[in-house]
Amino acid sequence: MAQISEFLYQNNGNIVHADHHIDGETGLFLMRVEWELDDFQIPRAEIGSQFAPIAERLKMQWRLHFSDAVQRIAILVSKYNHCLYDLLLRNVSGELSGSISLVISNHPDLQIVPERFGIPFHVFPIRPENKREQEQKELELLASHQIDLVVLARYMQVLGPEFAGEYPNRIINIHHSFLPAFIGSRPYHQAYDRGVKLIGATSHYVTEQLDDGPIIEQDIVRISHRDSVDDLIRKGRDLERVVLARAVHLHLGFRVLPYGKKTAVFD
């Protein structure tokens, strides 16, 4: 940490945020540093090459990002519209430090939603016999739009390994936090029948293993005996909106450092 701070100090870099974490089990040191470029003496195009010898000496894995670079976002959705609407509204209001470029779905039902916001909508119907072919077309579309981040806003399809592998730690998913206890299409009904007292939502990066990616954000809300199934569904969807938006915001701000099956989130 001292050598990195010294590198910035020697080049007139004003540090505005710095944080670090040491994983007690692995001994891994994780660090995030943010500094101003106004008076920085190294041109931004040369920062990486000048820092590389220090990183090599310290045996670091590192990434350099510029906060003024607008990241391009693609949303994948099926038939539930609550997370889609939330992200589109946040995009219009300037809350996202990125830009939604397109929406992809395996159903035509929500076409009018993104088009109201002037965002292209693409449909790729997926069946077991054409899944790989359709996902390849989706990947080609994402590549043509130079997409940086893919957000699954209740996309009710399991992505194939080729799709997940194309965007490591750049696909964010959202789902209820009942897994693996209540599996299937009616988790809130199962939870209601069991009289749960808490429900939640989880947002994580997508890997080849279903719902096993590093977790970015979670939240919960209390449930009482007075709540109906509809109440659980409504509260669950409210959580999904907020948790997914937080996860996207943290990712776009380069505040999430994945390592192994975990993440360090410097919020």
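Note: the structure precedes this text.
The residue numbering used here restarts from 1 in each chain and proceeds along that chain's sequence as written. pLDDT decides what is reported in this predicted model: residues at 70 or higher carry local features, side-chain atom pairs at 80 or more are listed and counted, and totals for whole chains, interfaces and linings draw on all residues regardless. Here the side-chain values reflect all heavy atoms present in the structure, with hydrogen atoms and water set aside.

> I tried to follow the nonpolar core on my own but got confused; where do I start?
Nonpolar side chains tend to gather and get buried jointly when the protein is soluble and globular. One finds Ile75, Leu244 and Val248 to be the most contacted residues of the largest nonpolar core, which totals 38 residues. Only β3 (71-77), α3 (82-92), β4 (98-105), β6 (149-152), β7 (171-176), α7 (187-194), β8 (198-205) and α8 (229-252) provide two or more residues apiece to this core. Strands here are runs of E lasting at least two residues and helices are runs of H or I lasting at least four, both read from the DSSP assignment and numbered beginning at the N terminus. Among the elements that take part in this core, α8 stands out by supplying eight residues, more than any other. Working rule for contacts: check all heavy atoms of both residues, and any pair within 4.5 Å makes them a contact. With residues near it in sequence (within four places) discarded, Ile75 still touches Leu84, Leu87, Ile100, Leu102, Val103, Ile104, Val151 and Ala153. Take the buried Ala, Val, Leu, Ile, Met, Phe, Trp, Tyr and Cys residues and link them wherever side-chain atoms come within 4.5 Å; each set so joined is a nonpolar core. The cut-offs for exposure are 20% and 50% of the maximum accessible area for each residue type, with area from a 1.4 Å probe on protein chains only; residues under the lower value are buried, those over the upper are exposed, and the others partly exposed. Counting 19 residues, the second largest nonpolar core, distinct from the first, contains Phe124, Ile126, Tyr155 and Ala164.

> Please clarify how the pattern of salt bridges should be interpreted in this entry.
When the charged atoms of two side chains lie near each other, side chains of opposite charge can form a pair. Any carboxyl oxygen of Asp or Glu that lies within 4 Å of a side-chain nitrogen of Lys or Arg is treated as forming a salt bridge with it. Under the definition given, this model contains 16 salt bridges. When the shortest N-O distance is used, the salt bridge between Lys137 and Glu133 registers 3.7 Å. Here the residue Lys137 and the residue Glu133 both occupy positions in helix α5 (residues 131-144), the gap between them amounting to four residues, near one helical turn. Lys137 gets classed as partly exposed once you look at its relative accessible area, which sits at 39%. With a relative accessible area of 49%, Glu133 lands in the partly exposed category. Lys235 is paired through a salt bridge with Asp227; the nearest N and O atoms lie 3.2 Å apart. One network of salt bridges, in which partners are shared, links Arg32, Glu34 and Arg255.

> Just checking my understanding: could you explain the layout of surface pockets for this structure?
Leftover empty space is mapped by rolling, across the atoms, a probe with the size of a water molecule. Its volume calculated, the largest pocket comes out at about 1,400 Å³. The pocket and cavity definitions rest on a 1 Å grid over protein atoms only: a 1.4 Å probe that fits but cannot leave marks a cavity, an open set with protein on both sides within 12 Å along at least five of seven lines marks a pocket, and residues lining either have an atom within 4 Å of a point. Lining the largest pocket are 40 residues, and of these Met31, Arg32, Val33, Arg63 and Leu257 sit closest to its centre. Only α1 (2-10), β2 (29-36), α2 (44-57), α8 and β10 (256-259) provide two or more residues apiece to the lining of the largest pocket. Here the element with the most residues in the lining of the largest pocket is β2; it accounts for eight residues. Tallied by class, residues from the lining of the largest pocket come to 25 nonpolar, seven polar and eight charged. Grid points are joined across faces, edges and corners, and a volume is the space filled by probe spheres set on the points. Of the volumes computed, that of the second largest pocket is approximately 790 Å³. Elements with a minimum of two residues in the lining of the second largest pocket: β7, α7 and α8. By the convention adopted, Pro, Cys, Tyr, Trp, Phe, Met, Ile, Leu, Val and Ala count as nonpolar, Lys, Arg, Asp and Glu as charged, and the other residues, Gly among them, as polar.

> Sorry if this is basic, but what is going on with the packing of aromatic side chains here?
Stacked, tilted and edge-to-face pairs are distinguished by plane angle, under 30 degrees for stacked and over 60 for edge-to-face with tilted covering the rest, among Phe, Tyr and Trp rings (Trp via its six-membered ring) whose centres lie within 6.5 Å. Summed over the entire model, instances satisfying the criterion amount to three aromatic pairs. Seen in terms of ring centroids, Phe51 and Trp62 are 5.1 Å apart; in terms of plane orientation they differ by 75°. Their pairing is edge-to-face. In this pair, Phe51 is assigned in helix α2 and Trp62 in the loop between α2 and β3, connecting sequence segments 11 residues apart. With relative accessibility at 9%, the residue Phe51 sits in the buried group. Linked through ring pairs, Phe7, Phe51 and Trp62 together constitute an aromatic cluster. For a ring to carry a charge above it, either NZ of a lysine or CZ of an arginine must fall within 6 Å of the ring centroid while also lying within 35 degrees of the normal to the ring plane. Directly above the ring of Phe66 sits Arg44, whose terminal nitrogen or CZ lies 4.6 Å from the centroid.

> Help me understand the sheet that holds strand β5 (residues 121-123) in this model?
Adjacent strands of a sheet form backbone hydrogen bonds with each other and so pair up, either parallel or antiparallel. A sheet is described by the order of its strands in space; here seven strands give the open sequence β5-β4-β3-β6-β7-β8-β9, paired in mixed fashion. Of all the strands in the sheet, just β5 and β9 (215-222) have a single pairing partner and so form its edges. Between one strand axis and the next, the sheet turns through 20° on average, direction left out of account. Across four bridges, β3 lies against β6 in parallel orientation. Along β6, the bridge assignment pairs Ala74 with Val150. Taken strand by strand, α3 contacts β3, β4, β6 and β7, and its axis lies near 155° from that of β4. We call two strands paired when DSSP finds no fewer than two bridges between them. For helices, the axis comes from a line fit to the C-alpha atoms of the stretch in contact; other axes are also lines fit to C-alpha atoms, and the angle between any two N-to-C directions lies between 0 and 180 degrees.

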